[in-house]
Amino acid sequence: MATDLTTTPAAHPEVAPIQRRTLRLLFTTQIVGGIGVTIGIAVGALLAAEIAGTAVAGLAQSAAVIGAALLAVPVTRIITGYGRRPGLAVAYLVGALGGVLVVLAAATRWVPLLFLGMLLFGGGSAANLQARYAAVDLAEPDRRARQLSLIVWATTIGAVAAPNFAALADRTTSGWGLPALSGPFAFSAVAFVLAAGVLLLWLRPDPLLTARRLAAARAGEPGPTSAVGTAPTPAEPAALAPAGTVPVAEPVAAPAPPARRGAGMRAAWSVVRARPAARLGVAAVAVGHLVMVAVMAMTPVHLREYHALDEVLPVVGLVLSLHIAGMYALAPVVGWLADRFGRRPVILGGIGTLLAACAVAGTAGHHTPRLTLGLILLGLGWSATMVAGSTLLSESVPDAVRPSAQGLSDLLMGLAGALAGALSGFVMQLAGYPVLTLLAAVAVAPLLALALRPVPVGAPDRED
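This one's a predicted model, so the numbers in the text were calculated from it and none came from an experiment.

Calculation rules
- Residues numbered from 1 in each chain as written.
- Predicted model: local features only at pLDDT ≥ 70, side-chain atom pairs only at ≥ 80, totals over all residues.
- Heavy atoms only, no water.
- Core = buried A, V, L, I, M, F, W, Y, C linked by side-chain atoms within 4.5 Å.
- Buried < 20%, exposed > 50% of the residue type's maximum accessible area, 1.4 Å probe, protein only.
- Helix = DSSP H or I, 4+ residues; strand = E, 2+ residues; numbered from the N terminus.
- Contact = heavy atoms within 4.5 Å.
- Patch = residues over 30% accessible without salt bridge, like charges linked within 9 Å, V, L, I, M, F, W, Y side chains within 5 Å.
- Areas by Shrake-Rupley, 256 points an atom, 1.4 Å probe, with all protein chains shown as cover.
- Salt bridge = Lys/Arg side-chain N within 4 Å of Asp/Glu carboxyl O.
- Expected span 1.5 Å × (residues − 1).
- Axes fitted to C-alpha atoms, helices over the stretch in contact; angles between N-to-C directions.
- Parallel < 35°, antiparallel > 145°, perpendicular 65-115°, else oblique.
- Left-handed = near helix turned anticlockwise from the far one by under 90°.
- Nonpolar A, V, L, I, M, F, W, Y, C, P; charged D, E, K, R; others polar.

With that settled, the discussion passes to the nonpolar core. Where a protein is soluble and globular, its nonpolar side chains tend to be buried together. Ranked by size, the top nonpolar core spans 55 residues in total, and within it Val291, Leu303, Ile347, Leu371, Leu378, Tyr433 and Leu447 carry the most contacts. Taken together, the elements giving at least two residues each to this core come down to helix H5 (144–174), helix H10 (276–304), helix H11 (309–328), helix H12 (331–341), helix H13 (343–362), helix H14 (368–394), helix H15 (402–431) and helix H16 (433–452). Ranked by the residues each element gives to this core, the list is headed by H10, at 13 residues. Not counting residues within four places of it along the chain, the set of residues in contact with leucine 378 comprises Val291, Met292, Val295, Met296, His323, Leu354 and Ala357.

Next up, the structure:
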């Protein structure tokens, strides 16, 4: 089936209320899920150091990042075959299972169980990342970036509030007999289960399945079976009929076209490689994340070099808080800019901001305010590449492979972040923080070349 992605399903008058409802639910679950992710990560390294020693504390944190990347593959398969609702819910439930295993590992002091729990705990991050794509399934073309950025911005609330709840969660659960530092993971598990329950109960109709039905109706396809070969659920097409009316045989009620069995990661990779805009979207997300993680991960170590131990933690907290604000707080503004001026110009702006961040942070020396400015710029550059890149990818691939392409993007982003986090420590130890920021800036060069490359006439960036 050929799908014209320049014509959005949201053009149908009954889709607008479904999109508003979807955005409200995603916004709510992003807050809850963000709290679940951050409250656990806030004490993850401390708990790992308590159980397994300081040497492997960083590896436990990396396990959660790698878990989020790897879980993008099965979650994408579920989304492709069954829709956004079950895929996001499964990811959250896997994260909840990981939180429970971490609590058990703390009680038994069994290190392998701790790493398995942290690996599965990444399911919460995987769900939070995938949720941004659900915001654009039914979005109008001139509002896609803004609505995606709204879901990214919702993470700010959870990310900022959660660390303040960590101590309260630990004190509360200590009375239940749970080991020290394991309480936040118990609260994370509850938050993930709550987010999964809200999505399973109320994310109806499913935005991805609804978009597929509308695409099939526009293409004039006969009524196929659902994505898994069974009759579609009648409740979702009926949800498109106005309240108080008898549903009529309109094209909008056409059942969802079947997801192609070949529309997995391999098919998505082939499609992305063939489309310049899709390649740019994937590269922008992955490279922006790599640069951000590489510089951000070693900033606390750099601050420790010239701050006493009793004062470094408050300084690190302030610098990283402002960095996180740069990542998320202005995401709606970035989305508006991407809709107003285009995805590629915003990606170029993000690249310039990342380069400026590396220059400012790398030359800050022992001047903490200058370093803080560099970290704020680093967050802004990440926000621009993430929002504009994700939107560009979503609208540049056919409907049949879009969820797989989005999952591929999250997989590459997670692996890039894990690689950056693992290598940044070695670079810091061997050459220092200024060289680390220089290498991070060099890593941006291929993305800059790709963004400045002229798009060939007739390039298949959209399906005809």
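Read on, since the account is not over.
Here we take up a nonpolar patch on the surface. A cluster of nonpolar side chains, namely Ile66, Leu70, Leu116, Leu119 and Leu415, defines an oily patch on the protein surface of about 370 Å² accessible area. When residues of the nonpolar patch are traced back to their parent elements, those giving at least two are helix H2 (57–82) and helix H4 (111–134). Topologically, leucine 415 is positioned in helix H15.

The subject of this paragraph is the environment of leucine 355. The topology assignment puts leucine 355 in helix H13. For leucine 355 and valine 291, which are 64 residues apart along the polypeptide, the C-alpha to C-alpha distance reads 9.5 Å.

Further remarks concern helix H6 (residues 183–202). With 20 residues, H6 ought to run about 28 Å at 1.5 Å a step, and its terminal C-alpha atoms sit 29 Å apart, in line with that. Every buried residue belonging to H6 is among Gly183, Pro184, Phe185, Ala186, Ser188, Ala189, Ala191, Phe192, Ala195, Ala196, Val198 and Leu199, and all of these are buried.

All right, on to the packing of H10 against H14 then. Orientation of H10 relative to H14, taken along the N-to-C sense of each, is 160 degrees, at an axis distance of 8 Å. When the interaxial angle is binned, H10 and H14 end up roughly antiparallel. The handedness of the crossing between H10 and H14 comes out as left-handed. Of the residues that constitute the contact of H10 with H14, the class distribution is 18 nonpolar, nine polar and no charged.

Okay, the environment of isoleucine 41 next. Here isoleucine 41 lies in helix H1 (residues 15–52). The class of isoleucine 41 is partly exposed, set by a relative accessible area of 29%. Taking C-alpha positions, isoleucine 41 is 9.5 Å from serine 188, a pair spaced 147 residues apart along the chain. The contacts of isoleucine 41, once residues within four sequence positions are left out, are Gln61, Ala64, Met118 and Phe121.

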